[in-house]
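Structural features, examined
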Amino acid sequence: MTDELILTDDRARIDLARAFRWISGESYWAKDIPYAVFRRAAENSLCVGAFTGGEMVGFARVVTDRATFAWLCDVWVDAPARGRGVGKRMMAYLADHADLQGLRRWSLATRDAHELYRQFGFTAANAERGMERLDPQIYARALGRPDVR
């Protein structure tokens, strides 16, 4: 990158509309998430934006109680900025964040970024203990798609 990368968790600086376009339009995990749902999720999470040249090029969200647990989610780097260390810098920023120190457990789910997260101490989860309740079609149904059950 030609410009310095700046990271911040200042909500006033984070371009939530841009992050929403990435997550709702391009992600595999929250495709079609309604803006109101995404905004509420961001408002109740610790979010970080990565900026270069005044433009947001990355976003990440952490759902946390700031005492015992953090779930890392919605990590996104804009396509033109990929391969330039933005994801690593966001992860380092979050790992060092004052509100996220002393946590017993960090969690995440990824289909394709295992190597990035391993660099920050993440390992495969215990499949025998982990459980979830998942409704992958919830956003499609909310859009009124009749072919979705």
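Throughout what follows, the structure given in this document is the object of discussion. Everything numeric here is computed off the predicted structure, so don't read it as measured data.

Basis of the calculations
Residues numbered from 1 in each chain as written. Predicted model: local features only at pLDDT ≥ 70, side-chain atom pairs only at ≥ 80, totals over all residues. Heavy atoms only, no water. Helix = DSSP H or I, 4+ residues; strand = E, 2+ residues; numbered from the N terminus. Rg over C-alpha atoms; globule rule 2.2 N^0.38 Å. Buried < 20%, exposed > 50% of the residue type's maximum accessible area, 1.4 Å probe, protein only. Contact = heavy atoms within 4.5 Å. Areas by Shrake-Rupley, 256 points an atom, 1.4 Å probe, with all protein chains shown as cover. Lys, Arg positive; Asp, Glu negative; His and termini not counted. Charge placed at Lys NZ, Arg CZ, Asp CG, Glu CD. Pairing = 2+ DSSP bridges. Axes fitted to C-alpha atoms, helices over the stretch in contact; angles between N-to-C directions. Core = buried A, V, L, I, M, F, W, Y, C linked by side-chain atoms within 4.5 Å. Phe/Tyr/Trp six-rings, centres within 6.5 Å; stacked < 30°, edge-to-face > 60°. Lys NZ or Arg CZ within 6 Å of the ring centre and 35° of its normal.

1. Focus: the overall build of the protein chain
Summing up its helical and strand segments, the protein chain has 5 helices and 5 strands in all. For the protein chain, the succession of helices and strands along the chain, N to C, is β-α-α-β-β-β-α-β-α-α. Relative to the 2.2 N^0.38 estimate, which gives 15 Å for 149 residues, the radius of gyration of the protein chain is 16 Å and therefore close to what a compact globule would have. In the protein chain, buried positions account for 37% of the 149 residues. Sequence-distant contacts in the protein chain: of pairs separated by 6 or more residues, those separated by 24 or more amount to 59%. Summed over all atoms, the accessible surface of the protein chain reaches about 9600 Å², with 49% contributed by carbon and sulfur. The protein chain carries 22 positive and 20 negative side-chain charges, and their two centres are separated by 4 Å.

2. Here we look at the sheet that holds strand β1 (residues 5-8)
In a beta sheet, neighbouring strands pair by backbone hydrogen bonds and run either parallel or antiparallel. On the basis of which strands lie adjacent, the open sheet formed by 5 strands has the order β1-β2-β3-β4-β5 and mixed pairing. Strand pairing shows two members of the sheet lacking a second neighbour, β1 and β5 (105-107), which therefore form its edges. Here the average twist between neighbouring strands, direction ignored, is 20°. Across 3 bridges, the pairing between strand β4 (residues 69-77) and β5 is parallel.

3. Let's talk about the nonpolar core
Residues Ala50, Val62, Leu72, Val86, Met90, Leu94 and Tyr117 are the most contacted members of the largest nonpolar core, which totals 22 residues. For this core, the secondary-structure elements that each account for two or more residues are β1, β2 (46-52), β3 (55-64), β4, α3 (86-96) and α4 (114-118). The contacts of Leu94, once residues within four sequence positions are left out, are Leu46, Val48, Ala60, Val62, Leu72, Leu100 and Trp106. Counting 15 residues, the second-largest nonpolar core is a separate cluster that includes Leu16, Phe38, Cys47 and Phe51.

4. Considerations on the packing of aromatic side chains
When we look at a pair of aromatic rings, we describe it by the centre distance and by the angle of the planes. All told, the structure shown has 7 aromatic pairs when counted by the stated rule. Centre to centre, the rings of Phe20 and Phe38 are 5.9 Å apart; their planes meet at 50°, and the pair counts as tilted. Taken together, the positions of Phe20 in helix α1 (residues 16-26) and Phe38 in helix α2 (residues 35-43) put the pair 18 residues apart, joining distant regions of the chain. Taking relative accessible area as the criterion, Phe20 reaches 17% and is therefore assigned buried. Through a chain of ring-to-ring contacts, three or more aromatic side chains come together here, namely Phe20, Tyr35, Phe38 and Phe59. One cation-aromatic arrangement involves Arg82 over Trp76; the distance from NZ or CZ to the ring centre is 4.9 Å. Against the face of Tyr28 rests Arg111, its NZ or CZ located 3.9 Å from the ring centre.

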